[in-house]
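Coordinate inspection notes
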Amino acid sequence: MESGTTSSSAELEWRRQWKPDLATQVWQQIQIKKQGMLVKFIFRDDCYEILLYDMITMWSEECSKDAFIKKAKRLNPNVEAPVATLIQHLKDDLSSQNLSSKSSSRYMYKIIYSRPPAESKITLQLFSKLPGNVPFRWEFDGREASSDMYAQHLATPLLIMVSELCRQQGELQNLLTKKDAEIEDYKADGAKVSRRSLLTVPFDAKAFRNEMTQSKFFERQIQSQGKCTFDGIGQELYKEVMMKNAWLNKPEEPEHSDEDVPEDLSGDEVQSVNETGPSWANRLPPSLVANAQTVGASVGSPTKSITPKGSPRKGAPSPGRSAEDAELARRQALEKRLADEKAKRDLPVKKKKKKIF
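Turning our eyes to something else, we now look at the pattern of salt bridges. All told, the structure shown has twelve salt bridges when counted by the stated rule. In this structure, the salt-bridge partner of Glu 11 is Lys 244, at a minimum N-O distance of 3.0 Å. Remark: Lys 244 occurs in helix α8 (residues 233-248) and Glu 11 occurs in helix α1 (residues 2-17); sequence separation between them is 233 residues. Residue class for Glu 11 comes out buried when judged on its relative accessible area of 10%.

This is the structure we're talking about:
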């Protein structure tokens, strides 16, 4: 449970900082004469990306700032306006409110196809008015999109949406079954509905599916070729699918390396010789200064020197030992002396506590 909460919090934080891209933009329906199309787009300060789907082929255009300026001058030589203003105007023209408004006379769209032997492309022409009733013309030039783009923006998300809707339908069927059992329990206790119009029959999943496939609305869905998929709830589900996919496939954050962390031989907190405060070099006798700086292990804060000057060091290496054995012996001697000193300091404190309690 705690792991799920942590993951959910991390995803919420990621969504706050994440910058939208074309993939998470929803498809919208546009009707040009008798031809229906789906369009999705994203506009930035000085560029845009757009996808068009005519129910047969997907077309795409990615317009950079330089390309936008050149096209604006070619199509509207008498219009002088900042790039950001024109970008915002196009974004407003393609908004869902304008696309769904069939009675609007301010906007007019026209489609032109170019087929082989010339390059295959589609041109969506837009005629509108800038503030001050200034005519403005624009052309979205779409080239045939790759199969990867088709899968990323349409085929795969639709498969996920169908799977998710089937899962939700199963959950609703289970809930209805429980509700029917609850109602039967109320009836067994003598409860009755106040109005006959509220009476219902127990839910039958198989009968419900047969009724839906025999409905006239089922035929209308087939005739529309699924153009209503991205209306209302469909748009919300599509966006959630694409957002969740972006979260699950986000780049992994680089892990911090622990190679630079010194090894703590004593198991306590490591104290650097460069940190503020007394160092081991000021506490150890000269014979152990170099070795103590190498080990750097902090066990306590001794109030006096560990070994009196001139006293022999136990475990000191003999002349015939190797350098590695000598270093190991010095470390062991240091650790033993530190442990003995700590034990001596703790002993009087424990006796004092026994007298008090």
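Once the structure has been displayed, the description carries forward.
For the rest of this paragraph, the subject is a nonpolar patch on the surface. A cluster of nonpolar side chains, namely Val 193, Leu 198 and Leu 199, defines an oily patch on the protein surface of about 250 Å² accessible area. Tracing the chain through its elements places Leu 199 in the loop between α5 (147-188) and α6 (205-213).

Averaged over all residues, the pLDDT of the protein is 77; the fraction at 70 or higher stands at 71%. Within the protein, strand β4 (residues 58-63) carries the highest mean pLDDT (96), whereas helix α9 (residues 289-295) carries the lowest (47). Contacts from residues 260-284, a stretch scored under 50 in pLDDT, to residues over four places away or in other chains number 40 contacts. Long-range and interchain partners of residues 288-312, a stretch whose pLDDT sits below 50, account for 51 contacts in this model, where long-range means more than four residues apart.

A few words on the packing of aromatic side chains. Taken as a whole and assessed by the stated rule, the structure comprises twelve aromatic pairs. Consider the rings of Phe 136 and Trp 138, whose centres lie 6.1 Å apart with planes at 10 degrees: the pair is stacked. Linked through ring pairs, Phe 41, Phe 43, Tyr 48, Phe 68, Phe 136, Trp 138 and Phe 140 together constitute an aromatic cluster. Geometry around Trp 247 places Lys 250 over its ring, the cationic atom sitting 3.7 Å from the centre.

Parameters and conventions
- Residues numbered from 1 in each chain as written.
- Predicted model: local features only at pLDDT ≥ 70, side-chain atom pairs only at ≥ 80, totals over all residues.
- Heavy atoms only, no water.
- Salt bridge = Lys/Arg side-chain N within 4 Å of Asp/Glu carboxyl O.
- Helix = DSSP H or I, 4+ residues; strand = E, 2+ residues; numbered from the N terminus.
- Buried < 20%, exposed > 50% of the residue type's maximum accessible area, 1.4 Å probe, protein only.
- Patch = residues over 30% accessible without salt bridge, like charges linked within 9 Å, V, L, I, M, F, W, Y side chains within 5 Å.
- Areas by Shrake-Rupley, 256 points an atom, 1.4 Å probe, with all protein chains shown as cover.
- pLDDT = per-residue confidence, 0-100.
- Contact = heavy atoms within 4.5 Å.
- Phe/Tyr/Trp six-rings, centres within 6.5 Å; stacked < 30°, edge-to-face > 60°.
- Lys NZ or Arg CZ within 6 Å of the ring centre and 35° of its normal.

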